[in-house]
Amino acid sequence: MNPNQQPQGSIPRPLEPQGFFAGIKIRPIVIGAVVDYVATYAVITLYLIVYFMKEPLEKGGLPEEALQEALKEMISSQEGLLALLVIGALCTLLGGYVAGRLARAEEVKHGALVGAVSLIIGVLQTGMAGEASPLPFWHELLGYVLAIPAGALGGSLAQGRAKPSIPGSTNRLTGG
């Protein structure tokens, strides 16, 4: 008798849940985290240049003092703090999307794991700085809280695009 077959009249074996890490691919997560990290710093730098360093650049130079002043100005303004949160969340969403597209399976889980890696990197960077963060505590906390959901949302967007519909097919449930 085949071990996968059960005798007639016997109770079927219960379904066993898969582990959380079943089907996870490391490469898409690493690539998504790198995309998140690089995009975050590139977009924050562009934002800093466009909105806070425009005047020193127009005067023909960028002394070190101007850079420090622009950073202080950005961190001290509510608009700057909000922009940092939005940029960070959108870049994590992008990283989650990239990971989901590359994984082609378990997209949301891969995106959430990109958010988790981003969160870990952020905590490590803050801890290894050797000095107190110039950002308010609530800002850092909110950034950490948004990381995993932002990555999962990116993975969810990748999931929506991962399985294209067949042209000319109809949906039998809706009649369309």
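Residues numbered from 1 in each chain as written. Predicted model: local features only at pLDDT ≥ 70, side-chain atom pairs only at ≥ 80, totals over all residues. Heavy atoms only, no water.

(A) Looking closely at helix α1 (residues 26-52). For α1, built from 27 residues, the straight-helix expectation of 39 Å at 1.5 Å per residue is met to within 8% by its first-to-last C-alpha distance of 38 Å. All of the buried residues along α1 are Pro28, Ile29, Gly32, Ala33, Asp36, Ala39, Thr40, Ile44, Tyr47, Leu48 and Phe52. (Helix = DSSP H or I, 4+ residues; strand = E, 2+ residues; numbered from the N terminus. Expected span 1.5 Å × (residues − 1). Buried < 20%, exposed > 50% of the residue type's maximum accessible area, 1.4 Å probe, protein only.)

(B) Summary view of the packing of aromatic side chains. In the structure shown here, the tally under the stated rule is four aromatic pairs. A centroid spacing of 5.0 Å and a plane angle of 90° characterise the contact between phenylalanine 20 and phenylalanine 21, whose relative ring orientation is edge-to-face. According to the relative accessible area criterion, phenylalanine 21 is exposed, its value standing at 60%. Here the aromatic rings of tyrosine 37 and tyrosine 41 are separated by 4.9 Å at their centres, their planes lie at 50°, and the arrangement is tilted. Of the two residues, tyrosine 37 and tyrosine 41 are both situated in helix α1; the distance of four residues between them amounts to about one turn of the helix. Assessed through its relative accessible area of 40%, tyrosine 41 is described here as partly exposed. In this structure an aromatic cluster arises from ring pairing among Tyr47, Tyr51 and Phe52. The positively charged end of lysine 109 is found above the aromatic ring belonging to phenylalanine 20, 5.0 Å away from the centroid. (Phe/Tyr/Trp six-rings, centres within 6.5 Å; stacked < 30°, edge-to-face > 60°. Lys NZ or Arg CZ within 6 Å of the ring centre and 35° of its normal.)

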